[in-house]
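# Tertiary structure, described
The chain contents come next:
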Amino acid sequence: MKNLFSIFILLCGSLTAQNYYYPLDGPAAAAVDPSNGWYFEAEDADFIGSTFEKFRDSRASAGMYVVAPKYPFENPYPNYNHSPDNDKDKIEFVLPNCEAGRYTVWVRGKVEISSNTFWVAANNSSEAYEGIVNDNSEEFSWTSSHGGAGISSPTNKLVFDFKEGTNTLQFYIHEKGYQLDRIFITKEEDEPANNVENRNIVTTSAGVYNSEEVLVRTLWNNVPKDYESTRETPEWDGRDDEGRDVPQGDYHVKITSNNVKYEWEGVVGNTSDDFAGGRFYIGSYARIMDMTIEGNYGYLTLGYNEGENNPSSFKINLANPYDRIELHSLNPFNRGQESWVVCSDANTVYWGGYDPYADRENFVFGTKVSDDSFRIFNSGSSYRPPSGNTTFPSIISRVQDQNGRITGMDVQRNGNYLFVAHRDLNLIKVYNKTTGALVRDISSFSEPFRLSIDTNGNGDLWVGHSSGVEKFRINTDGSLSSTGIIIAGNEALAIGGEHDGNTVSIIDGKSQQVKTYNTSDGSLTRTFGQLNAYAESPEVEDTKFMFGSSQNEHQPHKGITFVAYESDNSVWLNDTWNHRVQHFNGDKLEHSLMTQDPLKQVSIDPNHPERLFYYYHEFEIDYSKPFANFNGSWKLKRNWRGNLDSHERDGLAEGFKRIATLSNGRTYAQIESTTKNGNDRFFEIVELDTEKGIRYTGLFQSRFGEVLNYDGTLRPRGSKSGDNSIWYKREVTGFDAENNPIWGGKETLAVVQNITLDEPYNFSSSYISSPLPEVTPEDVIIAYNSDIPSNGGTNYHLGGVKVGDNKYLWKTSKNTPEGYSGNYPTDGRFDIGNGVNQNSGGVCVTIEDHVFWNYRGEFWKQAQTNYWQHFNANTGAMLGLFGTHVKEVPVKGQAGNAFSGGIVKVGEDYYLYHNGEDHHYGVHRWKISNLDSVEERRMPISTGN
């Protein structure tokens, strides 16, 4: 019986040991076992609709399965309630020479987010079974069950009555999420054996080279083939990559094959339990800001979320705080409020913030403690944010003023009032907490900031303002009367009281400590944490805090942080600049909840691969341990912000640009600075002293000029100069008396004259991404252009030039056609279509004879991508493609806007680290292994062969 099957599938989960590629050249013979039925590989279907592509996975039979990666970006996603009647959503197998009778169909596949179903029919019948998929699993498994919809089955299995002769089977999309590997068809009651077909499938690329080893024609890239087929000489029409006839001469073909494995292991710097699936990941653009506690739950705010499918308001179970719990009242794609502050009583959680897309709109909404649904206030009004998907049915405390940010808020547990502070308006507004009606405005404070109400019988209000933290009696009409108790000398970033009402704690921005006071007289009873410790040393410790300052222009959200007590008086502290929330019971650390800002610089020291830098944090990596949270495989080792100069830029894309340990044993980095010339941006070389912190050298480079390389050389950020492309380096020749590096003059590496705009040269229009001219051990300079071309040409984005030469050794990664709309290219092309903007190409890294370039794809199909193209750096042959573009939920490997990264070698494996914008809020890590599987076969070839 001939091969017979078809199906769609959606990529939506683990990228373990996978490789994205084009279909095989033609179907292979199906495995036939007449004694036990017939086995067929999904990738060998007679017809596969345009929705589908194929993926490699070492766990799949024959190393491949079928997937439909297109649909996550079509809104709404087609969820067919009956088998569709179009060809693009089906896969079909033809069964010739069948005996008449009843056949059972088994399907081997897996789903990694949730159970999903598909339609399966015979002979193009309009009646189809709803086939059901097994539950979440990392492994492929067999099933023959159906979901109950469609036609019924006498055996609750996928059974069909075949006619004598030729029959067909069709599989159609129903719901997303299923990965199809192979099928088994039997006329008996047999069940499939748990075996797989072991074809020796390898990823292959082929190119034609001239006698000078220059690549003149790429025949194919990243195509899976049987290993034995790599011995055959391919056909070539005698033309180059531009379609021109090549001159007579000696040519040869190189066929590169490999089974390199790519595994996304997770992220460094985020302690969330789940790396993928659902919206369980904790993180946001602005890190955790505020917290209130009710019963067994903590309610937290995250600030800005830029359309993430993570609303800015969520909760955690205090017993297991590493899973995010959504508030079901909020639309998953809510962008309606950038929540800053939160407070609660036994019935209602009050969320305060503003609309980031209509920033005059400041407001409070409420959710019920009982079921997280919206609280309706009789005096409230509905609000639909102009850029959001959630209509708030009832908001209160609406202040339409760009200076009206809510900086503090608390509510009486036993009284009637909600207090809302607006520091920049010198205003506290008082509301009836039940109806939402405004009771009064209090404008007698200068810069009222943080608020906290005691939980004792009086329920007094503590107000942090410009003169200190002051205690007030709340009168029955909502007015305030001073108690005469004022705590001065602190910069109150947060105020919170213990549940017995006898003490109140203040996070002091001046000392970076938590200070606890007696509520009856304001006397100091305890100081927790080390005094301004990071100004002395960057080493991170559990009780060494960096809360920040409301006076620091770089402090997000005016310095808001929190101190929140549970009923047992254990305390949660927001250690802001260490990006962690610490839970202490006395002096004992119980939990540490960590998350990272997105879009910061990643750098790793190849000479010391255990030192990973993100932003101004340094993580210590232990490669001997399995990658996981809390097992020592990674930990926050140092925080270098302690003596960060006020001139250093501290915003989007900031942090250490490059790390280099030089011959004097000292470690240096490059950071962005305005020190040299007012507001102009420059790079400055700094030394990272593990005992004292950052040491400024006063050595500056232009922002678009030279960049520090990992070997200590300075290289030009861009290589194009006029009509030429020039690559050079400046070596370290020594050190001055202060151990500042001294660089020598320019040493030209190569010059290619009269280059066209279609040729690759080192360039990025965005200074945040620096494509350095790395040099391989075989003296090949890597040229990479991360931008969409402005000339509408065929632009090559990646190339190699031999040191000392004047021509390109190889060029690859051409543009897709203008206006291209379709699936992501799997042959290494650079997509300039699908709605992508200028932020298309990401970071490019080189190690030994391998180069990896990222496609970050901002606005690609209304989303972003994280695809990595892997090439042989000496020949330009493509070795693989890994990554994802799924947006709807956090999946493994999902990032977007990966413009910064680094790669190191440990043992025989590579470890690739990079940043991102979507969902995971940490430093992504990929393990790249089985590199010794790369083989190259060389054979002569003649034109027109």
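About the thresholds
Residues numbered from 1 in each chain as written. Predicted model: local features only at pLDDT ≥ 70, side-chain atom pairs only at ≥ 80, totals over all residues. Heavy atoms only, no water. Helix = DSSP H or I, 4+ residues; strand = E, 2+ residues; numbered from the N terminus. Buried < 20%, exposed > 50% of the residue type's maximum accessible area, 1.4 Å probe, protein only. Contact = heavy atoms within 4.5 Å. Areas by Shrake-Rupley, 256 points an atom, 1.4 Å probe, with all protein chains shown as cover. Pairing = 2+ DSSP bridges. Axes fitted to C-alpha atoms, helices over the stretch in contact; angles between N-to-C directions. Polar contact = N/O pair within 3.5 Å; in protein donor to acceptor, adjacent residues only side chain to side chain. Phe/Tyr/Trp six-rings, centres within 6.5 Å; stacked < 30°, edge-to-face > 60°. Salt bridge = Lys/Arg side-chain N within 4 Å of Asp/Glu carboxyl O. Core = buried A, V, L, I, M, F, W, Y, C linked by side-chain atoms within 4.5 Å. pLDDT = per-residue confidence, 0-100.

### Details of the overall build of the protein chain
Within the protein chain one finds zero helices and 71 strands. Here the protein chain, with 945 residues, has 63% of them falling under the buried criterion. For the protein chain, the proportion of contacts with a sequence separation of at least 24, taken over those separated by at least 6, is 60%. As displayed, the protein chain has an accessible area near 33100 Å², and 43% of this comes from carbon and sulfur atoms.

### Quick look at the sheet that holds strand β38 (residues 492-497)
Sheet strands pair by backbone hydrogen bonding; their relative direction is either parallel or antiparallel. Strand order in this open sheet of four strands is β38-β39-β40-β41, and the pairing throughout is antiparallel. Looking along the sheet, the strands with just one partner apiece sit at the ends: β38 and β41 (524-528). This sheet shows a mean twist of 20° between the axes of neighbouring strands, independent of strand direction. For β38 and strand β39 (residues 503-508), the ladder comprises five bridges, and the chain directions are antiparallel.

### What to know about the side chain of serine 373
As for its position among the elements, serine 373 is in the loop between β27 (361-368) and β28 (381-383). Side-chain polar atoms of serine 373 contact the side chain of aspartate 371, separated by 2.7 Å.

### Looking at the pairing of strand β20 (residues 261-268)
A large share of β20 lies buried, amounting to six of its eight residues. Of the strand pairs in this sheet, β20 and strand β70 (residues 923-929) are connected by seven bridges, and their pairing is antiparallel. Counted as the bridge partner of valine 268 is valine 923 from β70.

### A closer look at the sheet that holds strand β66 (residues 866-872)
Pairing is antiparallel across the open sheet formed by four strands, whose spatial order is β64-β65-β66-β67. Either end of the sheet is taken by a strand with one partner, and the two such strands are β64 (841-847) and β67 (878-884). Adjacent strand axes in the sheet meet at a mean angle of 15°, parallel and antiparallel pairs treated alike. One ladder, built from six bridges, connects β66 with β67; its direction is antiparallel. Within the sheet, the bridge partner assigned to glutamine 869 lies in β67 and is leucine 881.

### Side note on the packing of aromatic side chains
Applying the stated criterion to the full structure yields 39 aromatic pairs. Measuring from ring centre to ring centre gives 5.9 Å for phenylalanine 619 and tryptophan 634, while their planes differ by 75°; the resulting arrangement is edge-to-face. Taken as a pair, phenylalanine 619 in strand β48 (residues 617-621) and tryptophan 634 in strand β49 (residues 634-639) lie far apart in primary sequence, 15 residues in all. No difference in accessibility class separates phenylalanine 619 from tryptophan 634, as the two residues are buried. One aromatic cluster is present, built from ring pairs that chain together Tyr299, Trp351, Phe363, Phe365, Phe374, Tyr383 and Phe392.

### As for the pattern of salt bridges
Overall, the coordinates contain 47 salt bridges when judged by the stated rule. Here arginine 450 and aspartate 290 are joined by a salt bridge, their closest N and O atoms 3.6 Å apart. In this pair, arginine 450 sits in the loop between β33 (438-442) and β34 (451-453) while aspartate 290 sits in strand β21 (residues 290-294), placing the two residues 160 residues apart along the sequence. Here arginine 450 and aspartate 290 have matching classes, each one buried. Arginine 398 serves as the salt-bridge partner of glutamate 361, at 2.7 Å between the closest nitrogen and oxygen. Of this pair, glutamate 361 sits in strand β27 while arginine 398 sits in strand β29 (residues 392-400), placing them 37 residues apart in sequence. Overall, glutamate 361 belongs to the buried group, its relative accessible area being 9%.

### Observations regarding the nonpolar core
Core analysis: the largest hydrophobic core is formed by 32 residues, its most contacted members being Val268, Leu612, Phe619, Ile621, Phe656, Leu688 and Tyr913. Residue assignment for this core shows that the elements contributing at least two residues are β46 (602-605), β47 (608-614), β48, β49, β51 (667-673), β52 (682-689) and β69 (909-914). No other element matches the three residues that β47 contributes to this core. Beyond its immediate chain neighbours, meaning those up to four positions away, phenylalanine 619 contacts Val268, Gly269, Met594, Gln596, Glu610, Arg611, Leu612, Tyr614, Trp634, Lys635, Leu636 and Lys637. Residues Met289, Phe377, Val420 and Phe547 belong to the second largest nonpolar core, which totals 29 residues.

### Quick word on the side chain of histidine 797
Within the secondary structure layout, histidine 797 lies in strand β62 (residues 796-802). From its side chain, histidine 797 meets the backbone oxygen of asparagine 785 in a polar contact 2.8 Å long. Within the structure, the side chain of histidine 797 is placed 3.5 Å from the backbone oxygen of aspartate 787, a separation counted as a polar contact. Residue contacts for histidine 797: discarding those within four places in its chain leaves Pro760, Ala783, Tyr784, Asn785, Asp787, Pro789, Thr812, Ser813, Asn815 and Phe830.

### Details of the pairing of β46
Taking every second residue as pointing to the same face, both faces of β46 are buried, with Val602 and Ile604 on one and Ser603 and Asp605 on the other. The pairing of β46 with β47 spans four bridges and is classified as antiparallel. Within β47, the residue paired with serine 603 across the bridge is phenylalanine 613. Counted between consecutive antiparallel strands, the loop separating β46 from β47 contains two residues.

### With respect to the confidence of the model for the protein chain
Overall, the predicted model of the protein chain reaches an average pLDDT of 85, with 83% of residues at or above 70. Note that residues 1-35 has pLDDT below 50 and, in this model, 182 contacts with residues that lie over four places away or in other chains. Low confidence marks residues 70-78, where pLDDT is under 50. Its contacts with residues over four positions away, or in another chain, come to 27 contacts.

### Notes on unusual backbone geometry
Despite not being glycine, asparagine 222 shows a phi value in the positive range, around 60°. Asparagine 222 gets classed as buried once you look at its relative accessible area, which sits at 0%. Positive phi, normally seen in glycine, also occurs at asparagine 754, with a value near 55°. On the secondary structure map, asparagine 754 appears in the loop between β60 (747-752) and β61 (780-784).

### What about the environment of isoleucine 185?
Relative to the assigned elements, isoleucine 185 resides in strand β16 (residues 179-186). What makes isoleucine 185 buried here is its relative accessible area of 0%. With 26 residues separating them along the chain, isoleucine 185 and valine 159 place their C-alpha atoms 9.5 Å apart.

### Quick notes on the environment of valine 463
By secondary structure assignment, the location of valine 463 is in strand β35 (residues 461-465). On the basis of relative accessibility, which here comes to 0%, the residue valine 463 falls in the buried class. Note: C-alpha distance between valine 463 and serine 452 (11 residues apart in sequence) is 6.9 Å. Setting aside residues no more than four positions away along its own chain, valine 463 makes contact with Ile428, Phe445, Pro448, Arg450, Leu451, Gly468, Val469, Glu470, Phe472 and Ile495.

### Concerning the environment of alanine 783
Inspection of the secondary structure puts alanine 783 in strand β61. By relative accessible area, which is 0% here, alanine 783 ends up buried. For the pair alanine 783 and tyrosine 796, spaced 13 residues apart in the sequence, the C-alpha separation amounts to 9.9 Å. The residues contacting alanine 783, other than those within four sequence positions of it, are Trp727, Pro760, Tyr761, Asn762, His797, Leu798 and Gly799.

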